[in-house]
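# Coordinates in review
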Amino acid sequence: MNIAKQILQEPFDNPIMQALKAFAKDRGVQLYLVGGSVRDLFLRRQTTDIDFTLASDAIQFAKAFAANIGAIAIALEEAPPTARVIVKPDSTSQTPQLSMDFAQFRAPSLTDDLRLRDLTINAMAIEFENVGTFTNKARKQVRCRVIDPCGGMKDLKTGLLRFPSKQVVIEDPVRLLRIYRFAAQLDFEISQNAIDLVTAYRSMLSGVAAERCRDELIKMLYVKKAHQYLQQMEATGLLTQVVPIIKEPHKAWNSLETFEESPIPTALHTYRKEINHYLQEELSLEINRCSLIKLSLLLGDNLGSIGERLRFSRKAVQFMECLISGSKKLKNTIPQLTQKQINHFLRTYASDWWGILLYSAASSPIDSAILKQIADTYYEHILPIRKQGRLITGNDLIQEFHLKEGEQIGDLLKEIEDRQFDGEIRTREEAFAAVATLIQKHR
C-alpha cells in the first residue's frame, strides 16, 4: 500500500459530514472518501457529489444513515452494492443539495478496488475519519494519509491522465471516451501509453450502450474549449466510433473553434444576458442548447441517424435539424434580406431563431449589421406584438360580420396577424376595416 502524506485545504466541517462521521463510528464502520471526491479536494474543485466506499453492507448503511438524518436513500446498483443519499436544503438554507454515494468494495481489499477504477487520479482514497478540516478564518492545515496504489497523486501534480491498467479498459471501454472528457474538463494531458490503448481498443466501443457514449460526449461539449480534445479523439480514430464521419473536417473544426472562442458575436453583445440564458437551457436531461449547437457545427449537414445512434431525445434532434435547415434558409435569403423576410424568419423559428443565428455566424461570416438588425427587430417589433396578442379573435369576426365557424375565420385571422407583424395594421379598428375589405373582395 503506497500511502502519501498530503495537506487537505478544503472545508469538510459540514454538519452532515460530521453527522456521518459520528454515525459510522457508532456502528464501527470504516468509511473511505474515494475517487473523484479525493481528486477534487486536492484540485480545490467545488462539488456537492461526494463518493464513499466501505467493505460491506453499503446499501444497508446508506439507508440507515439517511433515516438517521431524515434524508432520502436510493439503491443504485446491486453489483457492486451502491446507494445514494440525497440531502435537500431546508427552506431557510442557502446551501445546495448534497448527494453522497456509498459503494461496496468491488474486490477483496480497498487497494484492489482502487486498481479497478477508470483513471489513476480517480484511484485514491482517504480514511474518512482522517479527512481534516480547513477554514479560511483559522487557516488551519490538517495532514491526512492518501491511499494511492496507482500513483494518482503524482499524475495529479503533473496534470497527466493514465489508465491504472489495460484491463480496466477491456472491462469497460467507455473509459476510452472518459479519459478525453477528463482531459477537457481538467485541461490535463493524456499519456502516450493511454493513447496507444485507445488506438488498440477503440472498436470495443461498439459494444457500449449508446446512452453512455452520448453522456461522455455531451459532458465534453459542456467544456468551454472542447474542440482541441475532440480533434485528439479524431486523430486516434475514436471520434468516428461515436459520431458519423465528419464531412469537410477543416470547415467543421474552424466553425466549432469560432463558436467556442466567441459564442456571442460582438454585434449581439447587447443581448448577452438573453443569449446566455437561451444557451444554458436544457432540452433534455443534462443536454443544453449550447452543447447541441457545438455538436451540430461539428457534424454540419451530416446528422444522419445521430438521434437514434446516441439516443437523443426527439426535442434535441429536432433542435439540431432546425439549426441546419434554418441556417440554410437564412443564408440563402441574406443577399436580398428585407424587413418582411426578417419578420417571417423570426416568426417561423419562434423559439430557436437565436440558435440559428449563432450557428450561422459560427459556420460562415455574416455581416454584423444584419445580425444586429435581426435581433433588434425581434425585441423592438416582434416581442411587443406577441405580448400585445391578437387584435381581434374568431368570436369578434362572428359577432361583427355574422360569419360561421370554419376555414374562412382561420384564413382571415392569419391574414390580419401577418399584416400586424408586417406593421400594416396596429389597432382593432384597422383590423376590422381590413377584414371588411377582404370579405368584400372575396364575395
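No experiment lies behind these values; they were computed from the predicted model shown. (Residues numbered from 1 in each chain as written. Predicted model: local features only at pLDDT ≥ 70, side-chain atom pairs only at ≥ 80, totals over all residues. Heavy atoms only, no water.)

Before going further, it helps to examine the overall build of the protein. Scanning the protein from terminus to terminus reveals 21 helices and 12 strands. Seen along its three principal axes, the alpha-carbon backbone of the protein occupies a region of about 90 × 50 × 40 Å. The proportion of buried residues among the 443 residues of the protein is 50%. The long-range share in the protein, meaning contacts at least 24 apart out of those at least 6 apart in sequence, stands at 69%. Accessible surface computed for the protein: about 22,600 Å², of which carbon and sulfur atoms make up 47%. For the protein, the distance from the average position of its 57 positive side-chain charges to the average position of its 54 negative side-chain charges is 3 Å. (Helix = DSSP H or I, 4+ residues; strand = E, 2+ residues; numbered from the N terminus. Buried < 20%, exposed > 50% of the residue type's maximum accessible area, 1.4 Å probe, protein only. Contact = heavy atoms within 4.5 Å. Areas by Shrake-Rupley, 256 points an atom, 1.4 Å probe, with all protein chains shown as cover. Lys, Arg positive; Asp, Glu negative; His and termini not counted. Charge placed at Lys NZ, Arg CZ, Asp CG, Glu CD.)

Before going further, it helps to spend a moment on empty space enclosed by the protein. In this structure the tally under the stated criterion is 1 cavity of 30 Å³ or more. In this structure, the largest cavity occupies an estimated 30 Å³ of space. Residue lining of the largest cavity: Arg390, Leu391, Ile392, Leu413, Ile416, Glu417 and Gln420, and that is the complete set. Taken together, the residues of the lining of the largest cavity sort by class into 4 nonpolar, 1 polar and 2 charged. (1 Å grid on protein atoms, 1.4 Å probe; cavity = no way out; pocket = protein on both sides within 12 Å on 5 of 7 lines; lining within 4 Å. Points joined across faces, edges and corners; volume = space filled by probe spheres on them. Nonpolar A, V, L, I, M, F, W, Y, C, P; charged D, E, K, R; others polar.)

Before going further, it helps to spend a moment on helix H19 (residues 394-401). If you check which residues of H19 are buried, you get Gly394, Asp396 and Leu397. Buried residues along H19 cover an arc of 155° about the axis, so they all sit on one side. Away from its buried face, by an angle of more than 90 degrees, H19 presents the exposed residues Asn395 and Gln399. Where H19 is buried, its residues touch helix H20 (407-421) and helix H21 (428-441). Where H19 ends, the next residue or the one after it, His402, has phi of about 55°, a positive value. (Arc of directions from axis to C-beta.)

What follows covers the pairing of strand E6 (residues 98-104). Among the 7 residues that make up E6, 7 are buried, leaving the element largely enclosed by the rest of the structure. With 6 bridges joining them, strand E3 (residues 49-54) and E6 adopt parallel strand pairing. Looking at E6, one finds that Ile50 is bridged to Met100. Pairing of strand E5 (residues 81-87) with E6, which is carried by 6 bridges, proceeds in the antiparallel orientation. (Pairing = 2+ DSSP bridges.)

Next up on the list: the packing of H19 against H21. Where H19 contacts H21, the two axes come as close as 12 Å, and the packing angle between them is 65°. As for how H19 packs across H21, the hand of that crossing is right-handed. Residues Asp396, Leu397, Glu400 and Phe401 of H19 form the contact with H21, whose participating residues are Arg428, Phe432, Val435, Ala436 and Ile439. Here the contact of H19 with H21 is composed, by residue class, of 6 nonpolar, no polar and 3 charged. (Axes fitted to C-alpha atoms, helices over the stretch in contact; angles between N-to-C directions. Left-handed = near helix turned anticlockwise from the far one by under 90°.)

On to the environment of Arg390, then. Assignment of secondary structure puts Arg390 in the loop between helix H18 (368-388) and H19. Along the sequence, Arg390 and Glu417 sit 27 residues apart, while their C-alpha atoms lie 7.0 Å from each other. Those residues in contact with Arg390, other than ones at most four positions away along the chain, are Leu413, Glu417 and Gln420.

A few words on the environment of Tyr201. Mapped onto the elements, Tyr201 comes out in helix H8 (residues 192-201). A C-alpha to C-alpha distance of 28 Å links Tyr201 and Ser37, two positions 164 residues apart in sequence. The contacts of Tyr201, once residues within four sequence positions are left out, are Lys166, Val169, Ile170 and Leu176.

This paragraph deals with the pairing of E3. Pairing of strand E2 (residues 32-34) with E3, which is carried by 2 bridges, proceeds in the antiparallel orientation. Bridged to Tyr32 within E3 is Thr53.

What follows deals with the packing of H20 against H21. When two helices pack together, their arrangement is given by the angle between the helix axes and the distance between those axes. In contact at an axis separation of 10 Å, H20 and H21 are set at 130° when each is read in the N-to-C sense. When the axes of H20 and H21 are compared, the pair comes out oblique. Where H20 crosses over H21, the two elements pack in a sense that is right-handed. Within the contact between the two elements, H20 uses Gln408, Leu412, Glu415, Ile416 and Arg419 and H21 uses Ala431, Ala434, Val435, Leu438 and Ile439. Residues of the contact of H20 with H21, tallied by class, amount to 7 nonpolar, 1 polar and 2 charged. (Parallel < 35°, antiparallel > 145°, perpendicular 65-115°, else oblique.)

By size, the foremost hydrophobic cluster in this structure holds 123 residues, and its most contacted members are Phe52, Met100, Phe102, Leu230, Phe312 and Trp353. When near neighbours in sequence (up to four residues on either side) are disregarded, Trp353 contacts Phe345, Leu346, Ile374, Ala375, Tyr378 and Tyr379. Core analysis: the second largest hydrophobic core is formed by 15 residues, Leu413, Phe432, Val435 and Leu438 among them. (Core = buried A, V, L, I, M, F, W, Y, C linked by side-chain atoms within 4.5 Å.)

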